[in-house]
Amino acid sequence: MTFKNLIGNKWFKRIGWPLLALLFLILLIGLILNIYFSPVLSTRLKSTVFKLSNGLYQIDFANSSLHVLPGFIVIDHLTLKPDLAVYDRLKKAGTAPNNLYNLSVDKIVLKHVHPYDLYFKNQLVINAIELKNPSLKIIYRQVRNHDLPDSGKKTFYQRISGSLKSVHIGQLLFTNIDLLYQEDLNNQTKITRLKDVDVTGTDLLIDSSSQTDKTRFNFFKDITAVFHNYHGVTANGLYQYRANSLTFSSEKASVKIADAVFMPIKSATANEVLARRSVNLITDSVVINRFDYHNFISYRKFIAADINVYGNKAEVFFNGTLPRKPTDFSKSGLYALLKNVHRTMNIKTVRIYDLDVVYTEINAKTKLRGAITFGKLSGKISNIVAGEDTIGQTNRKLTADFSTYLMGYGKLDLRLQFDPADTSNTLFYKGNLKSMNLVNLNPATKPLGLIQFTNGIVTALNFDMQTNAKKATGKVTFLYHDLNVMLLRKDEKSSLKKMPFVSILANAFVLIRDNPRFNDSVRVANVVYQRPENSSYLGLLWRSVYAGIKESIGLSAEIEQNLRQKAADYKQNKQERVAQKAERQEKRKMRRLKRIKKRAIKEARG
């Protein structure tokens, strides 16, 4: 059928021509809207941004085009940047925001814009806005540390009400953001660059009813940010942290971190420092609930109701053999640690679930490596406060309650208590260990204490101690039965050798086999333990309890030293006896030779 026959067809006259006319009309309307609506949209957008930011930000773009049939608008080469002259003026007045934003994006798609509502009702309604591969730079400089008073300050709605009655955006999508974050604090600049960041804003509404709605964040019902392959480096450059993803939700006020890892950096500078002490943490997930994101974003204050840490492993390492700078122990410990946190932190509760903790130490005296393990540690830490704004607060005692399995066997309950406002730097720690075979302690006691338990059952271990980082004092009650030990020494090849003779004497005449013994009352050790110069803070805690255990079994530091001295004397005497025996044998040999020589001379003369 030719075109002439087609247009002469009856059905085409009845249906085709009206459809063509309608299509032409739609295209004509679209062309008119594109010509007239784009400048209107451009003017309204620029005016809205300018008014909402009090003139601080300016928005600009190359052009915009309306696509009528698919129902979207495309904006090319959009930039959002601050007016630095306005910022400097606000900074001098003390009213400038702490965060500055620079945004650039090649293309923005506005889906299902309602031009009728914008042109005739002064209502900006957009179903969705998509920004793909934008570049965002955030600069944080602390101009003020508190919110400005609301009195006399216009709301965002009041600022735009002269030109718009309302703004409603169903969804705002930022995909694959290239984020550069610059933090200028304490005369230092820290720059973090992250890629593959997605942000979704849901249900933005600016009108007379939402202007005072405290449940919204920047007028959004919810903002969800997902940082894929999140990573960074600590301020001191010694550690790195990373996670498969970090997800923030403003509506839930929560942060979820998947597969978080905190580990030392492998570099020449870091290795020199971390060769002495280091920390390694691997978790399955970390969840922060009731997170005060407003204070964090505006003032970098970390405030949260609770943090939940799930699995996996924490490793603490200390090398006591390396030389260290002279240390004032009074300036170490938890007080100094919290005091040196320059960022305000206030966490009500940290809950830990099934975390395997390993403390490894290379002993300063033995030069050997030993480890104390705490299997499946669970518990909570309450009232963590740090920073200048909180360190002096009263009635904010930090407490920690843990339940774990010592060396993977003995059920151990721990409680620690510390007052961040107490300048005496006193930590109170107490615990209770249930039944356990003492042989299971050997992986720690052999390299770190030169003692091997060959037999013995713990009935119970209770300790109630306190330390100021220089010394530890308190009571240790160690109940056990059928104790037997082997004292050890390190030979020239750094191997452990048994000391059977001294061990027999110790087990027979020195050590107390049971506590309580026969009908005697329970022995309680009163511990006063001075922190050795080349030891860690954690080492002070476990060694003070270990000192109480040794005193309970009759092997105090003085007695152990005497036994080892006797062993050394015995070894020295043995060496002297061997030398004397060799000397006597040599003299007898010489006398025998002389007699033989005389006998030979007589025979030769005869």
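Residues numbered from 1 in each chain as written. Predicted model: local features only at pLDDT ≥ 70, side-chain atom pairs only at ≥ 80, totals over all residues. Heavy atoms only, no water.

**Q** I tried to follow the pattern of salt bridges on my own but got confused; where do I start?
**A** Pairing of side chains with opposite charge becomes possible as their charged atoms draw close. Evaluation of the coordinates by the stated rule reveals 12 salt bridges. Between D184 and R141 there is a salt bridge; the shortest N-O distance is 3.0 Å. In this pair, D184 sits in strand β7 (residues 166-185) while R141 sits in strand β6 (residues 135-141), placing the two residues 43 residues apart along the sequence. Under the relative-accessibility criterion, R141 is labelled partly exposed at 28%. (Salt bridge = Lys/Arg side-chain N within 4 Å of Asp/Glu carboxyl O. Helix = DSSP H or I, 4+ residues; strand = E, 2+ residues; numbered from the N terminus. Buried < 20%, exposed > 50% of the residue type's maximum accessible area, 1.4 Å probe, protein only.)

**Q** I keep staring at helix α3 (residues 84-93) and nothing clicks. Help me out?
**A** For an α-helix, 3.6 residues make a turn, and residues three or four places apart therefore share a direction. One side-chain oxygen of the residue at the start of α3 lies 3.1 Å from the amide nitrogen of A85, identifying that residue as D83. Two residues or fewer past α3, G94 is found with a positive phi of approximately 75°. (Polar contact = N/O pair within 3.5 Å; in protein donor to acceptor, adjacent residues only side chain to side chain.)

**Q** Help me understand the pairing of strand β20 (residues 410-418) in this model?
**A** Across a regular strand the side chains alternate sides, sitting on one face of the sheet and then on the other. As paired strands, strand β19 (residues 398-406) and β20 are joined by nine bridges and run antiparallel to one another. The partner of F402 across the bridge, within β20, is L414. Hairpin connection, β19 to β20: the antiparallel pair is bridged by three residues, and M407 has positive phi, about 55°. Pairing geometry for β20 and strand β21 (residues 427-433), over seven bridges, is antiparallel. Considered in β21, the bridge of L412 is made with L433. (Pairing = 2+ DSSP bridges.)

**Q** Would you mind going over unusual backbone geometry with me for this structure?
**A** Across residues other than glycine, the phi torsion is negative in most instances, and most of the peptide bonds are trans. The step from G311 to N312 runs through a cis peptide bond, and the omega angle for that step is 5°. For N312, the location among the structural elements is in the loop between β15 (302-310) and β16 (313-319). For the bond running from N515 to P516, omega is 0°, close enough to zero to count as cis. With respect to the element layout, P516 can be found in the loop between α10 (500-510) and β26 (525-530). At D354, a residue that is not glycine, the phi angle is positive and equals roughly 50°. Tracing the sequence through the fold places D354 in strand β17 (residues 345-362). One non-glycine residue, N383, adopts positive backbone phi at about 60°. Assignment of secondary structure puts N383 in strand β18 (residues 369-386).

**Q** Before we go on, may I ask you to explain a nonpolar patch on the surface in this structure?
**A** A cluster of nonpolar side chains, Y116, Y119 and F120, forms an exposed patch at the surface whose accessible area comes to about 410 Å². On the secondary structure map, F120 appears in helix α4 (residues 115-121). What makes F120 exposed here is its relative accessible area of 57%. (Patch = residues over 30% accessible without salt bridge, like charges linked within 9 Å, V, L, I, M, F, W, Y side chains within 5 Å. Areas by Shrake-Rupley, 256 points an atom, 1.4 Å probe, with all protein chains shown as cover.)

**Q** Would you take a moment to explain the pairing of β19 for this structure?
**A** For β18 and β19, the ladder comprises seven bridges, and the chain directions are antiparallel. Among the inter-strand pairings, K380 is bridged to a residue of β19, identified as D401.

**Q** So what exactly am I meant to see when it comes to the packing of aromatic side chains here?
**A** Any two aromatic rings considered together are summarised by their centre-to-centre distance and by the angle between their planes. This model, assessed by the stated rule, comprises 12 aromatic pairs. Relative to F262, the ring of Y239 has its centre 4.8 Å away and its plane inclined at 15°; by these criteria the two rings are stacked. A residue pair is termed long-range when its members are at least 10 positions apart, and Y239 in strand β10 (residues 239-249) and F262 in strand β12 (residues 261-264) qualify at 23 residues. What makes Y239 buried here is its relative accessible area of 11%. Between W542 and Y546 the ring centres are 5.9 Å apart and the planes differ by 45°, which places this aromatic pair in the tilted class. One end of the pair, W542, and the other, Y546, are both in helix α11 (residues 537-552), four residues apart, so they sit about a helical turn from each other. Overall, W542 belongs to the buried group, its relative accessible area being 17%. According to the relative accessible area criterion, Y546 is buried, its value standing at 11%. The rings of F217, F248 and Y293 are connected pair by pair, giving a single aromatic cluster. Between the NZ or CZ atom of R300 and the centre of the ring of Y140, over which it lies, the distance is 3.9 Å. Residue placement shows R300 over the ring face of F296; its charged tip is 5.9 Å from the ring centre. (Phe/Tyr/Trp six-rings, centres within 6.5 Å; stacked < 30°, edge-to-face > 60°. Lys NZ or Arg CZ within 6 Å of the ring centre and 35° of its normal.)

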